[in-house]
Amino acid sequence: MRIVLVFLLLELGIYNNSNGQEIGFDPKSGVRDISISQWTDEDGLSSNNVTSVFQDSKGLIWITSFNGVMLYHGERIEIYDINNLNILETDGFYTVVENDQGIIFFGSQGSGLVKYDNGEFKIVDPKGEILPKSIPSLLVSQSGIIYIGSNNNGLYALDGSNSFKVDIPELNQSTITSIVEHKEGRLWVATEDRGMFYLNDGKLQRQLTTENGLLDNHVKNLAYTSDGWLMIATTNGLQHIDPMGELHTVESLAGVYINYLLIDGWNSVWAGAELGLVRWNREQNKTNWFYGKRGIDLVRISSLIMDKENSLWLTSSRTGLIRLKESMLSNMSKPQLASNRVNIVHQSWDGNLYIGTDQNRIDVRSGNNYSHITIKTDLGGNGIRDIYHDPDGSFWLATYVGIIHKQGIKEKVYSTETGMPANNFRTVLKDQRGDMWFGSRSGGLVKFRKDRIVEVFNNGNRLKSNFVLSVTKSVNGDIYVGTHSGGMTVFEQSGKTQTYHLKDDDSGVLLFNIDMTSDSTALVTANIGLLNFDGNDLKLVQLVSDSRSKTYFDLIDDQAGNLWMTSNLGILQINSTDWSQYQSGRIDQLPYQLLDENNGMDNRECTGATRSMLSSDGRVLIPTLGGVCEVNPRRLKQNSLVPNVQIRNVFVDNDRLNPTESNVSIEAGALRYIFEFAVLSYTAPERNQFKYILEGFDKNWSSSEYDGRVEYTNLQPGKYTFRVIGANESQIWNRTGASYTFRVKPFFYQTVWFYLLILLLIVVIFLVIYRWRISFINRQNVELKKVNAELDRFVYSASHEIRSPLSSILGLINLARMGDTNKRVEYLDHIEKSVNRLDEFIHDIVDYSRNARLGIEVQQVDFETTISNILEDISHTANFEKIRCDLSYKHTIDFYSDPSRLKVVLSNIITNAFKHHRPENVEKPFVSIQTSDYKESIQIQVTDNGPGIEKKHQNNVFDMFYRATTTTEGSGLGLYIVEETLEKLHGTVHVNSDPSSGSSFTIMLKNLKPV
């Protein structure tokens, strides 16, 4: 066996562990200093029974379970299961791999081989052999062939679009649990019940079972180290084959049920077991178990990966998804300490650390050893607030029962019973002269010397508040006092006292601690932020904007390039270079990095109003609610990897678009546009930051945001590009980021064609209006010309018609004066005729004027009455008695028109029929007046057998002052008035006349029914 293995393993070249290997955790660091984070179903997992975890080439974290596939990108967990993937037959998945084209392949429990390409899931259905439905293991070989391990059906391979079964009789009925590859495509295949198989070009070379050295035939996982050792995980322990082909057993892990293996960059072997996580160092043959932390249990570990940021991810079939990181921090806590609620850490002149907690004792750390000093005085459960270890060996303790001076086993309490202004003391300080300064919550500041009170400073005596939070001394011996709502007071060596305020009213401003930066300058931590004292003024330092509310307690300069500021949300690391740039005005906001449980703190909440310290070996020691947090600046590592930024989802009115497509057209009418994006950094995903801009809408980039989601509404038609950039917790920005271009289609009424059509329509309307206006003006001109002509004719004819009777009257008067008196009666008759003629003409003018000026008054017309009145009016004329008048009223409808105007029309027509008749020239002279219905109108016909009108005059009889004959008197206005009036009444008149047979005037009148 050894000879065969040597031959095989000498061929090992590049080893491909499907886990993917990155630099790992420093084996010199203890697993106790590993920070831990967990994701369960409460954080978005579909199940806590997780089967594998994988990071693809883009940086996305894929998680499989028996309840679907999950994708984690730092912002949220996306679930893909039978509810949203109708291609699946079951929700179960075992494993994930990726080929060199970036296609992700999943081994499923009952749906076969599933692939994810360009945002779409598909079942792989190749040519050739039908692939198995249940696939617990996968391997992408160096040649690109995908090896597929089935449940109870052996090994398959997928080469491009062709599939085939690796026909090994010993394997054909086996469940394949793991596959690894080495040079020239040779494979090791692990099975559930038949040990391990070594294949070369699809042919069996060797089988290893319990008969030839395996601990168990159930081999769970295989992995290669970089120097050619094959690691074997079984249900009965860990084994390995060295490059010489010899099989070894790791004795310290004998009998351990191991599910999965990961080899890190240090060649440390991480084994995920049923009972926990173990790291085995081969060179030292040393194992370190890690069972959990902060209440997170590591049990039934099903897979392990090391991501691109050097974090270790593991899955559990019980406790979900877990991430481990090398911690930048370490912690002192129970049981070494009496309590995790620490108030003060004091390093004394003897090098020891003295730690005050809420318990009745002082915890002492000397090197790596712990002890404690019991306090006999009952502290009432409030513990020790401050410690000063005097060079004489005694301790001065600030407590809420007074100041305790402990000298060996003796304890003396200074309280209100001994003259102290209060019992609730928070601070103890010894100045350069040997005087003690005690700060209290309610009694102000006490200066103490040789067992007596020298002076009490309070509100009214050199202080502005009785609540003292901090007391610090400068190098030159000045005492700086921070208070609650009373500003900062400085007691100078000269005896002068000066109080400095942040604002006019300092109510509510708590100055927790003062860190001197020189003899006369300081940084002050307060509940409202970090304050800078430049020797003259207190000013608020503008920290980089952060939506999370923080209270700042203390600040330490580690003298190694960093400032460390404690808060209720963790520790703020500030680079000293950034602080210098802020002081010089080169930056207007002070950046920082926030450390919390993600970085190894057992509890991120630092204890309020307590003091941190810089130890003699350069460590920063910070009191927290989880013990003492130790920061070793020499161990600090910054995540310098530029993170990938992805646009994960684009939703338009709840419809998801493929974010990998570009230049997408969106139909008009969309209201909501949602973009979801992520920075693919997982060291502290909640502190990843984004800046975004929607080109075409936003004028500037957004400020830094922590939420990877933004919504826009009611975008106007046009082309837009959404861009996002991002940074990890170390403020390493990916300035290229990601983008998505799309175009919002317009409604038709928003298109250029619509505007051109509107413009054309406006032009057409304008032209129509213009032409109508021109036509109207032309008509007006024609009408005007007609009116002018008629006016001229009217003036001429009217003057003639008026002057002619007047001249006749004047002539007759002169004849009457000069002539025979017997002819005066004749002269009077002629004068009467002329006056009647003049009166008739004036009457016609009045009718013409009234028709032109007055509106129509529609009323029901009684034709019988109207015509009877007209006949009665003309009954005195000479011809009336000689002419027969025939009347016929055949209309049946109620007729509405303007009775006054209608009477003018009929009066003119009927009067003319009688006046111009020559009854002596015809036999049986008559005038016939007849009315009849004509559709919705009425027809009136006036017929006579008088002299008639010659044909050549018929077209002109309705003209103003036109006379068809000179044999009769008349003004020539009558028929003109008839036509003008009928036009107002929506009527017409037609004449039919023959000189030999008479005339017939036909009037058609529209019925003007009232509304």
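Residues numbered from 1 in each chain as written. Predicted model: local features only at pLDDT ≥ 70, side-chain atom pairs only at ≥ 80, totals over all residues. Heavy atoms only, no water.

Draft legend 1. Seen up close, the overall build of the chain. Counting its regular elements, the chain contains seven helices and 75 strands. Within the chain, the proportion of its 1011 residues that are buried is 52%. In the chain, 55% of the contacts between residues at least 6 apart in sequence involve partners at least 24 apart. Carbon together with sulfur atoms contributes 48% to the accessible area of the chain, which is approximately 46,800 Å² in total. (Helix = DSSP H or I, 4+ residues; strand = E, 2+ residues; numbered from the N terminus. Buried < 20%, exposed > 50% of the residue type's maximum accessible area, 1.4 Å probe, protein only. Contact = heavy atoms within 4.5 Å. Areas by Shrake-Rupley, 256 points an atom, 1.4 Å probe, with all protein chains shown as cover.)

Draft legend 2. Main features of the packing of helix 5 (residues 863-873) against helix 6 (residues 899-915). Closest axis-to-axis distance for the helix 5/helix 6 pair is 10 Å, and the angle between their directions is 45°. Regarding the angle of helix 5 to helix 6, the classification is oblique. Taken as a pair, helix 5 and helix 6 cross one another with a handedness that is right-handed. When helix 5 is examined against helix 6, the residues Phe863, Thr866, Ile867, Asn869, Ile870, Leu871 and Asp873 are found in contact with a partner set consisting of Leu902, Lys903, Leu906, Ser907, Ile910 and Phe914. Considered class by class, the residues forming the contact of helix 5 with helix 6 number eight nonpolar, three polar and two charged. (Axes fitted to C-alpha atoms, helices over the stretch in contact; angles between N-to-C directions. Parallel < 35°, antiparallel > 145°, perpendicular 65-115°, else oblique. Left-handed = near helix turned anticlockwise from the far one by under 90°. Nonpolar A, V, L, I, M, F, W, Y, C, P; charged D, E, K, R; others polar.)

Draft legend 3. Just the nonpolar core, in detail. Among the nonpolar cores identified, the biggest contains 33 residues, and Leu906, Ile910 and Ile1003 are the most heavily contacted of them. Sorting the residues of this core by element identifies helix 5, helix 6, strand 72 (926-934), strand 73 (937-944), helix 7 (974-984), strand 74 (987-994) and strand 75 (998-1006) as the ones contributing at least two each. Sorting elements by how many residues they give to this core places helix 6 first, with seven residues. (Core = buried A, V, L, I, M, F, W, Y, C linked by side-chain atoms within 4.5 Å.)

Draft legend 4. Local environment of the packing of aromatic side chains. One pass over the structure, following the stated rule, counts 46 aromatic pairs. Ring-pair connections join several aromatic residues into one group, and the members of that group are Tyr673, Phe675, Phe677, Phe690, Tyr692, Phe697, Tyr712, Tyr720, Phe722, Tyr740 and Phe742. Geometry around Tyr400 places Arg385 over its ring, the cationic atom sitting 4.6 Å from the centre. Across the ring face of Trp733, the terminal group of Lys691 is positioned such that the distance to the ring centre comes to 5.3 Å. (Phe/Tyr/Trp six-rings, centres within 6.5 Å; stacked < 30°, edge-to-face > 60°. Lys NZ or Arg CZ within 6 Å of the ring centre and 35° of its normal.)

Draft legend 5. Representation of the side chain of Thr64. Summarising the element assignment, Thr64 is placed in strand 3 (residues 61-65). One polar contact links Thr64 to Ser52, side chain to side chain, over a distance of 2.6 Å. Here the side chain of Thr64 touches Tyr94 through a polar contact of 3.3 Å, landing on its backbone oxygen. (Polar contact = N/O pair within 3.5 Å; in protein donor to acceptor, adjacent residues only side chain to side chain.)

Draft legend 6. Local environment of a negative patch on the surface. Judged by side-chain charge, Glu783, Asp959, Glu979 and Glu983 come together as a negatively charged surface patch. By the element assignment, Asp959 lies in the loop between strand 73 and helix 7. You can call Asp959 partly exposed: its relative accessible area is 33%. (Patch = residues over 30% accessible without salt bridge, like charges linked within 9 Å, V, L, I, M, F, W, Y side chains within 5 Å. Salt bridge = Lys/Arg side-chain N within 4 Å of Asp/Glu carboxyl O. Lys, Arg positive; Asp, Glu negative; His and termini not counted. Charge placed at Lys NZ, Arg CZ, Asp CG, Glu CD.)

Draft legend 7. Representation of the environment of Val413 within the structure. Note that Val413 resides in strand 40 (residues 410-414). For the pair Val413 and Thr377, spaced 36 residues apart in the sequence, the C-alpha separation amounts to 8.3 Å. The residues touching Val413, leaving out its near neighbours within four places in the chain, are Thr377, Val401, Gly402, Ile403, Ile404 and Thr418.

Draft legend 8. Representation of the sheet that holds strand 37 (residues 384-389) within the structure. Taken in spatial order, the four strands make up an open sheet running 37-38-39-40, and their pairing is antiparallel. Each of the sheet's edge strands pairs with one partner strand only, and the pair in question is strand 37 and strand 40. Taken pair by pair, the neighbouring strands of this sheet meet at an average axis angle of 20°, ignoring direction. With five bridges connecting them, strand 39 (residues 402-407) and strand 40 associate as antiparallel partners. Its bridge partner being in strand 40, Gln407 is matched across the sheet by Lys410. (Pairing = 2+ DSSP bridges.)

Draft legend 9. Inspection of the side chain of Asp81 at higher detail. Structurally, Asp81 is set in the loop between strand 5 (77-80) and strand 6 (93-98). One buried charged residue, Asp81, remains without a salt bridge, the closest side chain of opposite sign being Arg656 at 14 Å. At a separation of 2.9 Å, a polar atom in the side chain of Asp81 contacts the main-chain amide nitrogen of Asn83. In this structure, Asp81 is in contact with Asn67, Gly68, Leu88 and Asp91, ignoring residues within four places of it in sequence.

Draft legend 10. Representation of the confidence of the model for the chain in the model. Averaged over every residue, the pLDDT of the chain is 87; residues scoring 70 or more account for 89%. Considering only residues more than four positions removed or in separate chains, one finds that residues 1-22, a stretch of pLDDT under 50, has 60 contacts. (pLDDT = per-residue confidence, 0-100.)

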